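# Structure assessment
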Amino acid sequence: AFDDATVSALYTIKKDSVHSRFPVVALRDASLKTGPVVLKFEVVENEAFKPGEKNNTWRKLTITDKLVRPASWDGVMESYYWGKYSTVKHQFMIDLTGKKWDQEFMAGIYNDFAALAYYNATFSTALVDYNNAHPNAPLRDEDGELMLFP
């Protein structure tokens, strides 16, 4: 718990800092396979601390045991590189590259246009190869739509 005295030092924002990171430990419960758990928290003022910009004093953490669309899979990525999000496509990308394709990984390549072009070409080629090998069962997403990369 955030108010547990034995770990309170982990939840301290240092003097003259404008941001901080702190650990969140989640237990892998079976219920996470059926739906997300959302943790919302906000930095509040106390006798030693005044929070900064109101829009930057809160965070929402979604915990799930399912693939979810990373924030970096935004409109630009959807239009030019990855196409419409689906968990089937997301898993295809993971299986093909061995990369996590989570928020951290995707944010790391967001402005690396050579990497984005490389992965787009890799995925497009692999999808064509898959569909050619399975002419009666092309790869479809969870809604039954044909999977495409722009």
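Just above sits the structure.
Residues numbered from 1 in each chain as written. Predicted model: local features only at pLDDT ≥ 70, side-chain atom pairs only at ≥ 80, totals over all residues. Heavy atoms only, no water.

This part is about the overall build of the protein. Counting its regular elements, the protein contains four helices and two strands. Order of helices (α) and strands (β) in the protein, N terminus to C terminus: β-β-α-α-α-α. Projected onto its principal axes, the C-alpha positions of the protein cover 65 × 35 × 25 Å. Of all 150 residues assigned to the protein, the portion counted as buried reaches 23%. Within the protein, residue pairs in contact and separated by at least 24 positions form 51% of the contacts whose partners lie at least 6 positions apart. Carbon and sulfur atoms form 55% of the exposed surface of the protein, whose accessible area is close to 10,900 Å². Side-chain charges in the protein split into 17 positive and 20 negative, and the spacing between the mean points of these groups amounts to 1 Å. (Helix = DSSP H or I, 4+ residues; strand = E, 2+ residues; numbered from the N terminus. Buried < 20%, exposed > 50% of the residue type's maximum accessible area, 1.4 Å probe, protein only. Contact = heavy atoms within 4.5 Å. Areas by Shrake-Rupley, 256 points an atom, 1.4 Å probe, with all protein chains shown as cover. Lys, Arg positive; Asp, Glu negative; His and termini not counted. Charge placed at Lys NZ, Arg CZ, Asp CG, Glu CD.)

It is at 11 Å that the axes of helix α2 (residues 87-97) and helix α4 (residues 113-133) come closest, and there the two elements cross at 100°. With respect to their mutual orientation, α2 and α4 come out roughly perpendicular. Along the contact surface, α2 presents F92, M93, L96 and T97, while α4 presents Y119, T122, F123, A126 and L127. Grouping the constituent residues of the contact of α2 with α4 by class yields seven nonpolar, two polar and no charged. (Axes fitted to C-alpha atoms, helices over the stretch in contact; angles between N-to-C directions. Parallel < 35°, antiparallel > 145°, perpendicular 65-115°, else oblique. Nonpolar A, V, L, I, M, F, W, Y, C, P; charged D, E, K, R; others polar.)

Quick look at the packing of aromatic side chains now. How two aromatic rings sit relative to each other is set out by the distance from centre to centre and by the angle between their planes. For the structure on display, the rule yields 13 aromatic pairs. For the pair Y81 and W82, a centre-to-centre distance of 5.9 Å together with 50° between the ring planes defines the contact as tilted. For W82, a relative accessible area of 0% gives the class buried. Arranged with centres 6.3 Å apart and planes meeting at 35°, the rings of F92 and F149 form a pair that is tilted. A residue pair is termed long-range when its members are at least 10 positions apart, and F92 in helix α2 and F149 in the segment after α4 qualify at 57 residues. Accessibility assignment for this pair places F92 and F149 in one class, buried. Among the aromatic residues, those joined into a cluster by ring pairs are Y81, W82, F92, W101, F105, Y118, Y119, F123 and F149. (Phe/Tyr/Trp six-rings, centres within 6.5 Å; stacked < 30°, edge-to-face > 60°.)

Before going further, it helps to examine a nonpolar patch on the surface. Nonpolar side chains collect at one region of the surface, where F2, F22, V24 and L61 lie side by side and expose about 290 Å² of accessible area between them. Take F22: it is sitting in the segment before β1 (37-42). Since its relative accessible area comes to 31%, F22 is described here as partly exposed. (Patch = residues over 30% accessible without salt bridge, like charges linked within 9 Å, V, L, I, M, F, W, Y side chains within 5 Å. Salt bridge = Lys/Arg side-chain N within 4 Å of Asp/Glu carboxyl O.)

Glancing now at the environment of V37. Relative to the assigned elements, V37 resides in strand β1. Given a relative accessible area of 42%, V37 falls into the partly exposed group. As for V37 and D102, which are separated by 65 residues in sequence, their C-alpha atoms are 18 Å apart. The residues contacting V37, other than those within four sequence positions of it, are L32, L61, T62 and I63.

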